[in-house]
Amino acid sequence: MGFKQGAVLASCSFFLGVLFICFFVDYRILHQELTDEIVEDGFQFYATFFNAPPAIKAVLHGFMGVGILGLVAKLHKYDESAIFFDGSSLVAYIFAVAVYLAVSVPSLRTIVTPVDVDTRADRIEALRILSAGNTIIMVVLGAVLVLQGGQEYARRAEVRELAKIEAELKAKGSASAGKDKKE
C-alpha cells in the first residue's frame, strides 16, 4: 500500500468515524418514533457539531480534499485497475462530497440557524433529511473502502498468477534444457 492509497483509506475512515458518531443520533431519528426528547437530542447534537471551532471544520474539509487528491493521483496511473477501481471510487467519493454539500450543510443551517419562515416542523424535517443523508454518505464511503480492498486483492491475485506462470515457464525451460543435454 502506497501513500496515495493510504490517503484515500485515511480520509474515508476518518469520515466514517465522524458519521458513526452521528449515527447514534441518526438511528433514533430514522428508525424510532419521533418524540420530543429524540428531536431535542438531535437539535442539541447537531448544534454542537455545527458550532464547532473553525479548526475542526478545517480538518474535516481538509480530509475531503486529501481523499479527492489521493484518488486523482491513483487514477493518474491509468491502467485497467486504476480505471475500474479508482475511477469508481472517485465517482462514489465525489457523490459523497456532493451529498454533504447539497444535503448536510443546508440541513445543518436549517436546524441550527433557522430563518424566520422555518417552523419547528421544517427543522424536524431537516433533521430527518440530514440523518438520511448521513446514512447515504456512510454507505457510499463503505463502497469506496470495498473498492479499494478489491483493488488490492486483484493486485495480489495478479502477482500470484504471474509468479505461477513464471515458475511454470522456468520448469518448462529447465526440462527442455535437460533434454537438450542428453541428446
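Up top is the structure these notes are about.
Below: a short report on this structure. Computed from a prediction, not measured in an experiment: that's the story for all the values here. Each residue is numbered by its place in its chain's sequence as written, counting from 1. Predicted model: local features are reported for residues with pLDDT of at least 70 only, side-chain atom pairs are reported and counted for 80 or more only, and whole-chain, interface and lining totals are derived from all residues. The basis for every side-chain value is the complete set of heavy atoms in the structure, and neither hydrogens nor water enter the calculation.

## As for the overall build of the protein chain
So, step 1. In this text, helices come from DSSP runs of H or I with a minimum length of four residues, and strands from runs of E with a minimum of two, each type numbered from the N-terminal end. Helix and strand content of the protein chain: 5 helices and 0 strands.
So, step 2. Mapped from its N terminus to its C terminus, the protein chain presents α and β elements in the order α-α-α-α-α.
So, step 3. Only the C-alpha atoms count toward the radius of gyration. The rule for a globule is 2.2 Å times the residue count to the power 0.38. The C-alpha radius of gyration computed for the protein chain amounts to 24 Å, which surpasses the reference 16 Å derived for 183 residues by more than 25%, pointing to a less compact arrangement than a globule.
So, step 4. Counting only C-alpha atoms, the protein chain reaches 95 × 30 × 20 Å along its principal axes.
So, step 5. Any pair of residues with heavy atoms lying within 4.5 Å of one another is described as a contacting pair. Counting contacts in the protein chain only where the partners sit at least 6 residues apart, residues at least 24 apart contribute 76% of the total.
So, step 6. Accessible surface computed for the protein chain: about 11,300 Å², of which carbon and sulfur atoms make up 67%.
So, step 7. None of His or the chain ends enter the tally, which takes Lys and Arg as positive and Asp and Glu as negative. For charged residues, the charge sits on one atom: NZ in Lys, CZ in Arg, CG in Asp, CD in Glu. For the protein chain, the distance from the average site of its 18 positive side-chain charges to the average site of its 20 negative ones is 12 Å. Accessible areas in this description were obtained via Shrake-Rupley with a 1.4 Å probe; residue shielding takes into account the shown protein chains only.

## Description of the pattern of salt bridges
So, step 1. Note on definitions: salt bridges are taken to be side-chain nitrogens of Lys or Arg within 4 Å of carboxyl oxygens of Asp or Glu. The tally for this structure, following the rule as stated, stands at 7 salt bridges.
So, step 2. Ionic pairing is found between D86 and K74, a salt bridge with its closest N-O pair at 3.2 Å. Placement of the pair is D86 in helix 4 (residues 80–112) and K74 in helix 3 (residues 54–75), with a sequence separation of 12 residues.
So, step 3. Here E152 ties to R155 by a salt bridge, and the two come within 2.5 Å at their closest N and O atoms. Of the two residues, E152 and R155 are both situated in helix 5 (residues 120–182); the distance of 3 residues between them amounts to about one turn of the helix.

## Let's talk about the side chain of D86
So, step 1. The classification of residues rests on relative accessible area computed with a 1.4 Å probe and restricted to protein chains. Under 20% of the type maximum is buried, over 50% is exposed, and intermediate values are partly exposed. By relative accessible area, D86 is classed as buried at 1%.
So, step 2. Whenever two N or O atoms come within 3.5 Å, that pair is a polar contact, provided that in protein one can donate a hydrogen and the other can accept it, and provided that, for residues adjacent in sequence, both atoms are side-chain atoms. Only 3.2 Å separates the side chain of D86 from the side chain of K74, close enough to count as a polar contact.
So, step 3. When residues no more than four places from it in sequence are discounted, the contact partners of D86 are L71, K74, L75, S81, Q148 and Q151.

## Focus: the packing of helix 1 (residues 3–31) against helix 3
So, step 1. Helix axes are fitted only over the stretch in contact, all axes being lines through C-alpha atoms; the angle between N-to-C directions runs from 0 to 180 degrees. As a packed pair, helix 1 and helix 3 sit with axes 8 Å apart at the nearest point and diverge in direction by 145°. In terms of crossing hand, the pair formed by helix 1 and helix 3 is left-handed. Contacts from K4, Q5, A7, V8, A10, S11, F14, F15 and V18 in helix 1 reach V59, L60, F63, M64, V66, G67, G70, L71, A73 and K74 in helix 3.
So, step 2. As a working rule, the residues Ala, Val, Leu, Ile, Met, Phe, Trp, Tyr, Cys and Pro are called nonpolar, Asp, Glu, Lys and Arg charged, and the rest polar, with Gly in that last group. Class assignment for the residues of the contact of helix 1 with helix 3 results in 13 nonpolar, 4 polar and 2 charged. Throughout, a crossing is termed right-handed when the near helix is turned clockwise from the far one, and left-handed when it is turned anticlockwise from it by less than a right angle.

## Here we look at the nonpolar core
So, step 1. Joining through side-chain atoms within 4.5 Å is the link that ties buried Ala, Val, Leu, Ile, Met, Phe, Trp, Tyr and Cys residues into a set, and such a set is a nonpolar core. Y93, I137 and L141 are the most contacted members of the largest nonpolar core, which has 22 residues in total.
So, step 2. Every element with two or more residues in this core is listed here: helix 1, helix 3, helix 4 and helix 5.
So, step 3. Here the element with the most residues in this core is helix 4; it accounts for 8 residues.
So, step 4. Each residue touching Y93, except ones within four places of it in the same chain, is listed here: S11, C12, F15, F63, M64, G67, I68, L71, L141 and V144.
So, step 5. Of all hydrophobic cores here, the second largest spans 13 residues; its members include F43, Y46, L108 and I111.

## Considering helix 4
So, step 1. For helix 4, built from 33 residues, the straight-helix expectation of 48 Å at 1.5 Å per residue is met to within 8% by its first-to-last C-alpha distance of 46 Å.
So, step 2. Of all the bends in helix 4, the greatest, near 30°, is centred on Y100. To estimate how far a helix should extend, the number of its residues minus one is multiplied by 1.5 Å. Bend angle per residue: angle between axes fitted to the 7 residues ending at that residue and the 7 residues starting there.

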